[in-house]
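As a plain string of letters, each chain reads:
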Amino acid sequence: MSAARPQPQSPTSTQPQSQARPIRLGPRSIATLVLVSAVGVTSLGWPFLSPPTSQVSAHAQDAPWLFTCLLLLLVAVVAATISESGLGPKAVAMLGVLAATGAALRPLGAGTAGIEPMFFLMVLSGRVLGPGFGFVLGAVTMFASSLLTGGVGPWMPFQMLSMGWFTMGAGLLPGPDRLRGRGELLLVAGYGFLAAFAYGTAMNMQGWPFLPRGASNIAFDPDLDPLANLARFVAYCLATSLGWDLGRAIVTVVLTLTLGPAILKALRRATRRAAFESPVTFDTPTR
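Draft legend 1. Expanded view of the overall build of the chain. The helix and strand inventory of the chain stands at ten helices and zero strands. Reading the chain from its N terminus to its C terminus gives the helix and strand order α-α-α-α-α-α-α-α-α-α. Each of the 287 residues in the chain was classed as buried or not, and the buried ones make up 46%. Sequence separation of 24 or more characterises 81% of the internal contacts of the chain that already satisfy a separation of 6 or more. Entry remark: accessible area of the chain is about 14,900 Å², with carbon and sulfur atoms responsible for 67%.

Draft legend 2. Representation of the packing of helix α4 (residues 89–105) against helix α5 (residues 118–129) in the model. Closest axis-to-axis distance for the α4/α5 pair is 8 Å, and the angle between their directions is 160°. In terms of their interaxial angle, α4 and α5 are classed as roughly antiparallel. At the point where α4 passes α5, the crossing takes the left-handed sense. Contact residues: Met94, Leu98, Thr101, Gly102 and Leu105 in α4; Met118, Leu121, Met122, Ser125 and Leu129 in α5.

Draft legend 3. Examining the packing of aromatic side chains more closely. Applying the stated criterion across every chain, the model contains six aromatic pairs. Here the aromatic rings of Phe119 and Tyr199 are separated by 5.1 Å at their centres, their planes lie at 75°, and the arrangement is edge-to-face. Taken as a pair, Phe119 in helix α5 and Tyr199 in helix α8 (residues 182–207) lie far apart in primary sequence, 80 residues in all. You can call Phe119 buried: its relative accessible area is 1%.

Draft legend 4. Examining α4 more closely. In a regular helix each residue adds 1.5 Å, so 17 residues correspond to 24 Å; α4 covers 24 Å between its end C-alpha atoms and thus fits that length. Of the residues making up α4, those classed as buried are Ala91, Met94, Leu95, Leu98, Ala99, Gly102, Ala103 and Leu105. Seen end-on, α4 carries its buried residues on one side only, within an arc spanning 160°. Across from the buried face of α4, at angles greater than 90 degrees, the exposed residues are Pro89 and Val97.

Cut-off values and rules
- Residues numbered from 1 in each chain as written.
- Predicted model: local features only at pLDDT ≥ 70, side-chain atom pairs only at ≥ 80, totals over all residues.
- Heavy atoms only, no water.
- Helix = DSSP H or I, 4+ residues; strand = E, 2+ residues; numbered from the N terminus.
- Buried < 20%, exposed > 50% of the residue type's maximum accessible area, 1.4 Å probe, protein only.
- Contact = heavy atoms within 4.5 Å.
- Areas by Shrake-Rupley, 256 points an atom, 1.4 Å probe, with all protein chains shown as cover.
- Axes fitted to C-alpha atoms, helices over the stretch in contact; angles between N-to-C directions.
- Parallel < 35°, antiparallel > 145°, perpendicular 65-115°, else oblique.
- Left-handed = near helix turned anticlockwise from the far one by under 90°.
- Phe/Tyr/Trp six-rings, centres within 6.5 Å; stacked < 30°, edge-to-face > 60°.
- Expected span 1.5 Å × (residues − 1).
- Arc of directions from axis to C-beta.

Shape descriptors only; they carry no functional weight alone.
The structure is reproduced here in structure tokens:
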């Protein structure tokens, strides 16, 4: 009577499997993302980087158009580079669905302080689909929503870049393949709360330097040093956008905690079925 051989154990469903990513960031994609991010940070933060005698301050009114052209070019380069790193037809289809959904959600809060439901969808999508896909999704969604709402102007590239950062950051959160349940929801909700303020701050930096000079004591003054202008900028944020940013942050947290479990589950199921990393092969039909 022979001893029974031990049977190989199948992986249990309690252990999350490594999640496939629609986009795997390679060295070239990372370098391009770093480049466009550096240009974006410089474009937003130049009032705090240039001294009063700088020629940048002297041509402050020309800056938004120059930065807009440069950012549009760099965002196009980023999209092309990431696409070359593996954005296949299945990933394009998912990108289109999520971007259309996000763009449709944005007008729901138009004119109402802080009610911007698209942000929670961007956070959850970036969490599941990774930073590379998240950056492209955020930028494309903001572009589509701007066309839908008529919000096209020199500020649009900054919105695209800021939303790309916002969604990419969610993909960089720790434990994408292991952390689940309440802990993951709290992590994502906490990130969404802070990132909502960061997005509002970035957009304030885009428009604040071009307020009419001398209109108030919180407007940008090129004759002041960067530290004095930083104090003015903080006062500007507190006076003009704190309520809106707080509303956006609270809505993002509430929607993440209530709808997050179902959406995370649906996104992960769709990602597994899409099998982004599986090669596509064509077999010769047999007669």
